[in-house]
Amino acid sequence: MTVQLVPFPAAEYGAWRSRQVERRRRWQFAPLWSDADAAHARARAAVDDLAPADGLSGTYLMRVLGGDGEAGWLWLTRQGGDLLVLDAEMAEPEETAAEVLGLLVHHARGGNASYLVLDRMVAAPTMAALAKAGEFRVESQTMALDLTRDAPAGPAAARDVELRPMTQDTFDAYLDAAVGEYARELQRTDDLPWDRALDRSRADYDTLLPSGLASPGQVLLDVVDLATGANVGAMWLGMRPPSAAFVNDLYILSPHRGEGLGRAAMLAALDWCRHQEIDVLGLTVFRRNTVARHLYRSLGFTAVMQVLRSPVPPAPPVAGPR
(Lines give C-alpha, C1' and ligand atoms only; values in the text may rest on other atoms or scores of the structure.)
Protein backbone atom coordinates (compact mmCIF):
# COMPACT_ATOMS: atom_id res chain seq x y z
CA MET A 1 0.00 0.00 0.00
CA THR A 2 1.26 3.49 -0.89
CA VAL A 3 0.37 6.10 1.73
CA GLN A 4 0.72 9.87 1.91
CA LEU A 5 0.18 12.60 4.50
CA VAL A 6 -2.18 15.51 3.88
CA PRO A 7 -3.64 18.19 6.20
CA PHE A 8 -6.51 16.99 8.36
CA PRO A 9 -9.90 18.45 7.30
CA ALA A 10 -10.94 21.31 9.58
CA ALA A 11 -14.60 20.27 9.32
CA GLU A 12 -13.81 16.96 11.05
CA TYR A 13 -11.74 18.44 13.87
CA GLY A 14 -14.57 18.57 16.43
CA ALA A 15 -15.46 14.89 16.00
CA TRP A 16 -11.78 13.91 16.15
CA ARG A 17 -11.33 15.91 19.35
CA SER A 18 -14.25 14.12 21.04
CA ARG A 19 -12.76 10.76 20.08
CA GLN A 20 -9.39 11.84 21.39
CA VAL A 21 -10.88 12.63 24.82
CA GLU A 22 -12.38 9.13 24.93
CA ARG A 23 -9.10 7.50 23.83
CA ARG A 24 -7.22 9.36 26.56
CA ARG A 25 -9.83 8.49 29.18
CA ARG A 26 -9.80 4.79 28.35
CA TRP A 27 -6.11 4.15 27.71
CA GLN A 28 -4.23 6.80 29.69
CA PHE A 29 -6.21 8.08 32.65
CA ALA A 30 -8.62 5.28 33.64
CA PRO A 31 -5.73 2.94 34.57
CA LEU A 32 -4.10 5.69 36.68
CA TRP A 33 -7.06 7.37 38.37
CA SER A 34 -9.50 4.50 39.07
CA ASP A 35 -12.57 6.77 39.28
CA ALA A 36 -14.48 7.14 35.99
CA ASP A 37 -15.43 10.80 36.52
CA ALA A 38 -11.89 11.76 37.55
CA ALA A 39 -10.42 9.92 34.56
CA HIS A 40 -12.79 11.68 32.15
CA ALA A 41 -12.03 15.09 33.67
CA ARG A 42 -8.28 14.51 33.37
CA ALA A 43 -8.62 13.31 29.77
CA ARG A 44 -10.65 16.38 28.82
CA ALA A 45 -8.14 18.69 30.51
CA ALA A 46 -5.23 17.02 28.70
CA VAL A 47 -6.92 17.40 25.31
CA ASP A 48 -8.02 20.96 26.09
CA ASP A 49 -4.38 21.83 26.76
CA LEU A 50 -3.08 20.67 23.36
CA ALA A 51 -6.24 20.65 21.27
CA PRO A 52 -8.65 23.33 22.53
CA ALA A 53 -12.10 23.61 20.97
CA ASP A 54 -11.10 26.62 18.85
CA GLY A 55 -8.07 24.95 17.25
CA LEU A 56 -4.81 23.12 17.90
CA SER A 57 -2.24 24.64 20.24
CA GLY A 58 1.35 23.92 19.23
CA THR A 59 0.37 20.64 17.57
CA TYR A 60 -0.94 19.60 14.17
CA LEU A 61 -3.01 16.83 12.64
CA MET A 62 -2.22 14.94 9.45
CA ARG A 63 -4.56 12.62 7.58
CA VAL A 64 -3.06 9.40 6.24
CA LEU A 65 -4.33 8.48 2.77
CA GLY A 66 -3.89 5.04 1.26
CA GLY A 67 -4.65 3.59 -2.13
CA ASP A 68 -8.33 3.15 -1.20
CA GLY A 69 -8.77 6.56 0.41
CA GLU A 70 -8.55 7.49 4.09
CA ALA A 71 -6.26 5.19 6.07
CA GLY A 72 -6.01 7.09 9.38
CA TRP A 73 -4.47 10.13 11.08
CA LEU A 74 -1.38 11.30 12.99
CA TRP A 75 -1.24 13.87 15.80
CA LEU A 76 2.19 15.50 15.87
CA THR A 77 4.14 18.25 17.60
CA ARG A 78 7.71 19.48 17.76
CA GLN A 79 9.53 19.41 21.07
CA GLY A 80 12.99 20.89 21.07
CA GLY A 81 14.86 19.07 18.33
CA ASP A 82 12.43 16.15 18.23
CA LEU A 83 9.37 15.26 16.17
CA LEU A 84 6.86 13.88 18.68
CA VAL A 85 3.93 11.61 17.80
CA LEU A 86 1.21 12.27 20.39
CA ASP A 87 -1.23 9.69 18.99
CA ALA A 88 -2.11 7.90 15.78
CA GLU A 89 -4.81 5.69 14.36
CA MET A 90 -4.75 3.57 11.22
CA ALA A 91 -7.44 1.25 9.89
CA GLU A 92 -4.86 -1.49 9.30
CA PRO A 93 -1.96 -0.61 11.61
CA GLU A 94 0.09 -3.78 11.14
CA GLU A 95 -0.03 -3.44 7.34
CA THR A 96 0.67 0.31 7.16
CA ALA A 97 2.96 0.97 10.15
CA ALA A 98 6.28 0.54 8.35
CA GLU A 99 5.29 2.82 5.48
CA VAL A 100 3.82 5.45 7.80
CA LEU A 101 6.98 5.32 9.90
CA GLY A 102 8.99 6.01 6.75
CA LEU A 103 6.86 9.09 6.08
CA LEU A 104 7.39 10.25 9.66
CA VAL A 105 11.16 9.89 9.28
CA HIS A 106 11.02 11.90 6.05
CA HIS A 107 8.87 14.53 7.80
CA ALA A 108 11.34 14.67 10.69
CA ARG A 109 14.27 15.15 8.31
CA GLY A 110 12.44 18.01 6.60
CA GLY A 111 12.13 19.77 9.97
CA ASN A 112 15.73 19.02 10.94
CA ALA A 113 14.57 16.88 13.87
CA SER A 114 17.23 14.85 15.63
CA TYR A 115 14.87 12.23 17.06
CA LEU A 116 11.49 10.70 16.34
CA VAL A 117 9.61 10.21 19.61
CA LEU A 118 6.46 8.22 20.34
CA ASP A 119 4.51 9.45 23.37
CA ARG A 120 2.67 6.16 23.42
CA MET A 121 -0.47 4.98 25.16
CA VAL A 122 0.53 1.34 25.49
CA ALA A 123 -2.98 0.02 24.77
CA ALA A 124 -3.38 2.05 21.53
CA PRO A 125 -3.00 -0.47 18.64
CA THR A 126 -1.53 1.89 16.04
CA MET A 127 1.09 3.32 18.41
CA ALA A 128 2.05 -0.26 19.29
CA ALA A 129 2.45 -1.08 15.59
CA LEU A 130 4.61 2.01 14.99
CA ALA A 131 6.82 1.11 17.96
CA LYS A 132 7.22 -2.43 16.62
CA ALA A 133 8.04 -1.22 13.11
CA GLY A 134 11.00 0.94 14.18
CA GLU A 135 14.12 0.70 16.31
CA PHE A 136 12.91 2.68 19.31
CA ARG A 137 14.42 2.82 22.79
CA VAL A 138 12.12 3.18 25.79
CA GLU A 139 13.21 6.33 27.65
CA SER A 140 10.60 6.24 30.38
CA GLN A 141 7.35 4.58 31.23
CA THR A 142 4.42 5.37 33.48
CA MET A 143 3.08 2.30 35.26
CA ALA A 144 0.08 1.44 37.42
CA LEU A 145 -0.84 -1.17 40.01
CA ASP A 146 -4.42 -2.14 40.85
CA LEU A 147 -4.45 -2.31 44.66
CA THR A 148 -7.91 -3.89 44.77
CA ARG A 149 -6.36 -7.16 43.63
CA ASP A 150 -4.43 -9.59 45.78
CA ALA A 151 -1.09 -8.53 47.24
CA PRO A 152 1.76 -8.88 44.70
CA ALA A 153 3.60 -12.18 44.46
CA GLY A 154 7.34 -12.42 44.86
CA PRO A 155 9.82 -12.42 47.71
CA ALA A 156 9.16 -10.50 50.90
CA ALA A 157 11.40 -7.57 51.73
CA ALA A 158 14.80 -8.46 53.16
CA ARG A 159 14.51 -5.60 55.66
CA ASP A 160 11.60 -4.18 57.66
CA VAL A 161 10.94 -0.46 57.31
CA GLU A 162 8.32 1.96 58.54
CA LEU A 163 7.01 5.06 56.78
CA ARG A 164 6.79 8.05 59.10
CA PRO A 165 5.70 11.64 58.40
CA MET A 166 8.65 13.85 57.53
CA THR A 167 9.80 16.57 59.88
CA GLN A 168 10.97 19.92 58.56
CA ASP A 169 14.60 18.87 59.07
CA THR A 170 14.23 15.59 57.17
CA PHE A 171 12.25 17.35 54.44
CA ASP A 172 14.98 19.96 53.95
CA ALA A 173 17.64 17.26 53.73
CA TYR A 174 15.55 15.20 51.30
CA LEU A 175 14.77 18.15 49.04
CA ASP A 176 18.41 19.20 48.74
CA ALA A 177 19.47 15.67 47.75
CA ALA A 178 16.48 14.99 45.49
CA VAL A 179 16.84 18.19 43.46
CA GLY A 180 20.44 17.33 42.68
CA GLU A 181 19.67 13.72 41.75
CA TYR A 182 16.76 14.67 39.51
CA ALA A 183 18.95 17.28 37.80
CA ARG A 184 21.54 14.58 37.04
CA GLU A 185 18.79 12.40 35.56
CA LEU A 186 17.57 15.29 33.38
CA GLN A 187 21.14 15.96 32.29
CA ARG A 188 21.55 12.34 31.14
CA THR A 189 18.09 11.87 29.65
CA ASP A 190 17.63 15.22 27.88
CA ASP A 191 21.30 16.06 27.20
CA LEU A 192 21.01 19.31 29.15
CA PRO A 193 23.91 21.40 30.46
CA TRP A 194 24.20 21.09 34.24
CA ASP A 195 22.99 24.64 34.97
CA ARG A 196 19.84 24.18 32.87
CA ALA A 197 19.16 20.73 34.35
CA LEU A 198 19.49 22.10 37.88
CA ASP A 199 17.23 25.07 37.14
CA ARG A 200 14.60 22.80 35.63
CA SER A 201 14.81 20.40 38.57
CA ARG A 202 14.30 23.22 41.05
CA ALA A 203 11.40 24.61 39.03
CA ASP A 204 9.70 21.19 38.88
CA TYR A 205 10.01 20.71 42.63
CA ASP A 206 8.78 24.26 43.27
CA THR A 207 5.73 23.57 41.09
CA LEU A 208 4.85 20.30 42.81
CA LEU A 209 5.73 21.46 46.32
CA PRO A 210 4.73 25.16 46.36
CA SER A 211 4.32 25.16 50.15
CA GLY A 212 7.11 22.74 50.95
CA LEU A 213 6.19 20.10 53.47
CA ALA A 214 2.68 21.60 53.79
CA SER A 215 1.89 21.45 50.05
CA PRO A 216 -1.73 20.32 49.57
CA GLY A 217 -2.34 16.86 48.18
CA GLN A 218 1.24 15.73 48.85
CA VAL A 219 2.28 13.11 51.40
CA LEU A 220 5.97 13.09 52.33
CA LEU A 221 7.24 10.20 54.43
CA ASP A 222 10.58 9.16 55.86
CA VAL A 223 11.70 5.56 55.26
CA VAL A 224 12.98 4.30 58.61
CA ASP A 225 14.96 1.06 58.96
CA LEU A 226 13.39 -0.67 61.96
CA ALA A 227 16.54 -2.70 62.64
CA THR A 228 18.64 0.39 63.27
CA GLY A 229 16.12 3.22 63.67
CA ALA A 230 17.99 5.13 60.97
CA ASN A 231 16.30 7.30 58.37
CA VAL A 232 17.37 5.62 55.11
CA GLY A 233 15.25 7.41 52.51
CA ALA A 234 12.01 9.10 51.54
CA MET A 235 8.67 8.27 49.93
CA TRP A 236 6.69 11.05 48.26
CA LEU A 237 3.11 10.33 47.21
CA GLY A 238 0.79 12.64 45.32
CA MET A 239 -2.88 12.07 46.13
CA ARG A 240 -5.30 11.77 43.22
CA PRO A 241 -8.84 11.98 44.66
CA PRO A 242 -10.98 10.16 45.19
CA SER A 243 -9.06 6.86 45.26
CA ALA A 244 -5.68 6.98 43.50
CA ALA A 245 -2.13 8.05 44.30
CA PHE A 246 1.13 8.51 42.42
CA VAL A 247 4.70 7.86 43.56
CA ASN A 248 6.39 11.16 42.82
CA ASP A 249 9.63 9.87 44.30
CA LEU A 250 11.14 6.88 46.07
CA TYR A 251 14.54 7.96 47.34
CA ILE A 252 16.99 5.72 49.17
CA LEU A 253 20.12 7.36 50.55
CA SER A 254 23.18 6.26 48.57
CA PRO A 255 24.97 4.48 51.47
CA HIS A 256 21.93 2.20 51.88
CA ARG A 257 21.28 1.29 48.25
CA GLY A 258 21.56 -2.35 47.26
CA GLU A 259 20.28 -3.53 50.64
CA GLY A 260 16.70 -4.32 49.60
CA LEU A 261 15.30 -1.15 51.14
CA GLY A 262 13.65 0.00 47.92
CA ARG A 263 11.48 -3.11 47.84
CA ALA A 264 10.75 -2.78 51.55
CA ALA A 265 9.71 0.87 51.08
CA MET A 266 7.43 0.03 48.16
CA LEU A 267 5.74 -2.80 50.06
CA ALA A 268 5.22 -0.42 52.98
CA ALA A 269 3.77 2.16 50.58
CA LEU A 270 1.33 -0.41 49.17
CA ASP A 271 0.15 -1.20 52.70
CA TRP A 272 -0.14 2.51 53.49
CA CYS A 273 -2.24 3.09 50.37
CA ARG A 274 -4.56 0.19 51.10
CA HIS A 275 -5.17 1.52 54.61
CA GLN A 276 -6.03 4.89 53.02
CA GLU A 277 -8.49 3.09 50.67
CA ILE A 278 -6.39 3.92 47.61
CA ASP A 279 -7.34 1.66 44.70
CA VAL A 280 -4.60 2.52 42.16
CA LEU A 281 -0.96 3.48 42.59
CA GLY A 282 0.97 4.92 39.65
CA LEU A 283 4.60 5.88 39.05
CA THR A 284 7.09 6.79 36.33
CA VAL A 285 10.45 5.09 35.87
CA PHE A 286 13.33 6.09 33.58
CA ARG A 287 15.23 3.76 31.25
CA ARG A 288 18.52 3.92 33.11
CA ASN A 289 16.98 2.86 36.41
CA THR A 290 17.10 -0.86 35.67
CA VAL A 291 16.89 -1.83 39.36
CA ALA A 292 13.66 0.14 39.82
CA ARG A 293 12.16 -1.23 36.59
CA HIS A 294 12.76 -4.79 37.76
CA LEU A 295 11.33 -3.98 41.20
CA TYR A 296 8.12 -2.48 39.85
CA ARG A 297 7.52 -5.33 37.42
CA SER A 298 8.05 -7.84 40.22
CA LEU A 299 5.38 -6.04 42.27
CA GLY A 300 2.87 -6.31 39.43
CA PHE A 301 3.00 -2.79 37.96
CA THR A 302 2.15 -2.66 34.25
CA ALA A 303 3.00 0.02 31.70
CA VAL A 304 0.29 2.54 30.76
CA MET A 305 2.36 5.17 28.90
CA GLN A 306 5.80 4.98 27.29
CA VAL A 307 8.14 7.54 25.77
CA LEU A 308 10.14 5.88 22.98
CA ARG A 309 12.91 7.59 21.04
CA SER A 310 14.70 6.75 17.80
CA PRO A 311 17.41 8.84 16.10
CA VAL A 312 16.39 10.19 12.71
CA PRO A 313 18.77 8.57 10.18
CA PRO A 314 20.44 10.82 7.64
CA ALA A 315 18.89 10.97 4.19
CA PRO A 316 20.42 8.51 1.73
CA PRO A 317 22.97 10.10 -0.61
CA VAL A 318 21.65 11.36 -3.90
CA ALA A 319 23.20 9.51 -6.82
CA GLY A 320 25.13 11.81 -9.11
CA PRO A 321 25.13 11.73 -12.91
CA ARG A 322 26.95 8.84 -14.50
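Scroll up for the structure.
Our subject in this report is the structure included herewith. Model, not experiment: these values are computed from the prediction. Sequence positions are assigned chain by chain, starting from 1 and proceeding in written order. The predicted origin of the model limits local features to residues at a pLDDT of at least 70 and limits the giving and counting of side-chain atom pairs to 80 or more, whereas totals for whole chains, interfaces and linings rest on all residues. In computing side-chain values, all of the structure's heavy atoms are included and hydrogens and water are not.

1. A few points about the packing of aromatic side chains
Link 1 in the chain: Centre distance within 6.5 Å is the pairing criterion for rings of Phe, Tyr and Trp, where only the six-membered ring of Trp is used; planes under 30 degrees apart are then read as stacked, over 60 as edge-to-face, and the remainder as tilted. The full count for this structure, using the stated rule, is 7 aromatic pairs.
Link 2 in the chain: Judged by centre distance (5.7 Å) and plane angle (90°), the rings of W16 and W73 are edge-to-face. Of this pair, W16 sits in helix 1 (residues 13-33) while W73 sits in strand 3 (residues 69-79), and the two are 57 residues apart along the sequence. Per residue, the accessibility class of W16 equals that of W73, and both read buried.
Link 3 in the chain: Both rings, one in Y205 and one in W236, keep their centres 5.6 Å apart while their planes meet at 35°; by these two values the pair is tilted. Here Y205, found in helix 6 (residues 194-208), pairs with W236, found in strand 9 (residues 231-240); they are 31 residues apart in sequence, far enough to count as distant. W236 matches Y205 in its accessibility class, with the two residues each being buried. The secondary structure listing takes helices from DSSP runs of H or I that are at least 4 residues long and strands from runs of E that are at least 2 residues long, numbered from the N terminus. Per-residue accessibility, obtained with a 1.4 Å probe over protein chains only, is compared with the maximum for each type, and a residue is labelled buried under 20%, exposed over 50%, and partly exposed between these values.

2. Brief notes about the packing of helix 1 against helix 2 (residues 36-50)
To describe two helices that pack against each other, one gives the angle between their axes and the distance between the axes.
Link 1 in the chain: Here helix 1 crosses helix 2 at 130°, and the two axes come no closer than 8 Å. Taken together, the axes of helix 1 and helix 2 lie oblique to each other. Every pair of crossing elements has a handedness; the one defined by helix 1 and helix 2 is right-handed. Taking contact as the criterion, the partners of R17, Q20, V21, R24, R25, F29, A30 and W33 in helix 1 are, on helix 2, A38, A39, H40, R42, A43, R44, A46, V47 and D48.
Link 2 in the chain: By the convention adopted, Pro, Cys, Tyr, Trp, Phe, Met, Ile, Leu, Val and Ala count as nonpolar, Lys, Arg, Asp and Glu as charged, and the other residues, Gly among them, as polar. Each residue belonging to the contact of helix 1 with helix 2 can be placed in one class, and the counts come to 9 nonpolar, 2 polar and 6 charged. Fitted lines through C-alpha atoms serve as axes, helices being fitted only where they are in contact, and the angles separating the N-to-C directions of these axes extend from 0 to 180 degrees. In this scheme, roughly parallel covers angles under 35 degrees and roughly antiparallel covers those over 145, while 65 to 115 is roughly perpendicular and the rest are oblique. It is the rotation of the near helix from the far one that decides the hand of a crossing: anticlockwise by less than a right angle makes it left-handed, clockwise makes it right-handed. What makes two residues a contact is simply this: any of their non-hydrogen atoms within 4.5 Å.

3. A look at the sheet that holds strand 6 (residues 137-146)
Link 1 in the chain: For two strands to count as paired, DSSP must find a minimum of two bridges between them. Taking strand neighbours across the sheet as the criterion, the 12 strands line up as 1-2-3-4-5-12-6-11-10-9-8-7 in an open arrangement whose pairing is mixed. Unpaired on one side and paired on the other, strand 1 (4-7) and strand 7 (161-165) mark the two borders of the sheet. Looking at each pair of strands side by side, their axes are set apart by 25° on average, direction ignored.
Link 2 in the chain: Across the sheet, helix 5 (residues 168-190) lies against strand 6, strand 8 (218-225), strand 9, strand 10 (244-252), strand 11 (280-286) and strand 12 (302-311), angled at about 90° from strand 10, the strand it touches most.

4. As for unusual backbone geometry
Link 1 in the chain: Of note, the amide linkage connecting P241 to P242 takes the cis form, showing an omega dihedral of 5°.
Link 2 in the chain: By secondary structure assignment, the location of P242 is in the loop between strand 9 and strand 10.
Link 3 in the chain: One non-glycine residue, E277, adopts positive backbone phi at about 60°.
Link 4 in the chain: As for its placement among the helices and strands, E277 is situated in the loop between helix 7 (261-275) and strand 11.

5. Regarding the packing of helix 5 against helix 6
Link 1 in the chain: Packing of helix 5 against helix 6 leaves a shortest axis separation of 8 Å and a crossing angle of 130°. Classified by the interaxial angle, the pair formed by helix 5 and helix 6 is oblique. As for how helix 5 packs across helix 6, the hand of that crossing is right-handed. Along the contact surface, helix 5 presents Y174, L175, A178, V179, G180, Y182, A183, R184, L186, Q187 and D190, while helix 6 presents W194, A197, L198, R200, S201, R202, D204 and Y205.
Link 2 in the chain: Within the contact of helix 5 with helix 6, the residues separate by chemical class into 11 nonpolar, 3 polar and 5 charged.

6. Description of helix 2
Link 1 in the chain: Taking 1.5 Å of rise per residue, 15 residues should cover 21 Å, and helix 2 covers 22 Å from first to last C-alpha, within 8% of that figure.
Link 2 in the chain: Residues of helix 2 that are buried include every one of A38, A39, A43 and V47, and no others. With its buried residues spanning 160° around the axis, helix 2 presents them on a single face. Of the exposed residues in helix 2, those oriented more than 90 degrees away from the buried face are D37 and D49.
Link 3 in the chain: Residues of helix 2 that are buried in the fold lie against helix 1.
Link 4 in the chain: Polar contacts, as counted here, are pairs of nitrogen or oxygen atoms within 3.5 Å of one another; within protein the pair requires one atom able to donate a hydrogen and one able to accept it, and residues that are adjacent in sequence qualify only if both atoms are side-chain atoms. Between a side-chain oxygen at the N-terminus of helix 2 and the backbone nitrogen of D37 the separation is 3.2 Å; the capping residue is D35. The span you would expect from a helix comes to 1.5 Å times its residue count less one. Relevant arc is that of directions from the helix axis to the C-beta atoms, nothing else.

7. Some details on the nonpolar core
Link 1 in the chain: Counting residues in each nonpolar core, the largest one holds 52 residues, and the members touching the most others are L74, L104 and L116.
Link 2 in the chain: Ranked by residues supplied to this core, first place goes to helix 1 with 7 residues.
Link 3 in the chain: Other than its neighbours up to four places away in sequence, L74 contacts L5, Y60, L61, M62, V64, D87, A88, M90, V100 and L104.
Link 4 in the chain: Residues belong to one nonpolar core when they are buried, are Ala, Val, Leu, Ile, Met, Phe, Trp, Tyr or Cys, and are joined through side-chain atoms within 4.5 Å. L237, I252, L283 and Y296 belong to the second-largest nonpolar core, a separate cluster that totals 31 residues.

8. Section: the side chain of S215
Link 1 in the chain: Relative to the helices and strands, S215 resides in the loop between helix 6 and strand 8.
Link 2 in the chain: Separated by 2.9 Å, the side chain of S215 and the backbone nitrogen of S211 make a polar contact.
Link 3 in the chain: Polar side-chain contacts of S215 include one of 2.8 Å to the backbone oxygen of G212.
Link 4 in the chain: Not counting chain neighbours up to four residues away, the residues in contact with S215 comprise L208, L209 and P210.

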